[in-house]
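Here is what each chain is made of, one letter per residue.
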Amino acid sequence: MNFVEALKNKNLNEVKKHPKTDLHNHSILSMRIETIEKFLNKKLPTLPKGTDSIEKMNEYIFSIFT
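Residues numbered from 1 in each chain as written. Predicted model: local features only at pLDDT ≥ 70, side-chain atom pairs only at ≥ 80, totals over all residues. Heavy atoms only, no water.

K.L.:
Provide a residue-level description of unusual backbone geometry, including the pertinent values.
P.N.:
Located in the positive-phi region is lysine 10, a residue other than glycine, with phi close to 55°. Note that lysine 10 resides in the loop between helix H1 (3–8) and helix H2 (12–16). Under the relative-accessibility criterion, lysine 10 is labelled exposed at 76%. Its identity is not glycine, yet asparagine 41 carries a phi of approximately 60°, on the positive side. Tracing the chain through its elements places asparagine 41 in the loop between helix H3 (33–40) and helix H4 (54–65). (Helix = DSSP H or I, 4+ residues; strand = E, 2+ residues; numbered from the N terminus. Buried < 20%, exposed > 50% of the residue type's maximum accessible area, 1.4 Å probe, protein only.)

Take a look at the structure:
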């Protein structure tokens, strides 16, 4: 199975077989919170406990930027 097919099928075991694959996503939070706070000129709320999916991470991010 090629890499794209493995992603489309959500087959993590197949994805892991491909060299140099990145298994995580930082989204907009790829920089330090302090850097984002400085950019926005405001203190950000703490990331809620239980933020265990990209969907929940996006909810947090959208709450900051809207």
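K.L.:
Explain the nonpolar core to me, and be specific about the residues and the numbers.
P.N.:
The biggest cluster of nonpolar side chains holds seven residues, and these are Leu29, Ile36, Leu44, Met57, Tyr60, Ile61 and Ile64. At four residues, the largest contribution of residues to this core is made by H4. Sequence-distant contacts of leucine 44, that is, excluding residues within four places in its chain, are made with Ile33, Ile36, Glu37, Tyr60 and Ile64. (Core = buried A, V, L, I, M, F, W, Y, C linked by side-chain atoms within 4.5 Å. Contact = heavy atoms within 4.5 Å.)

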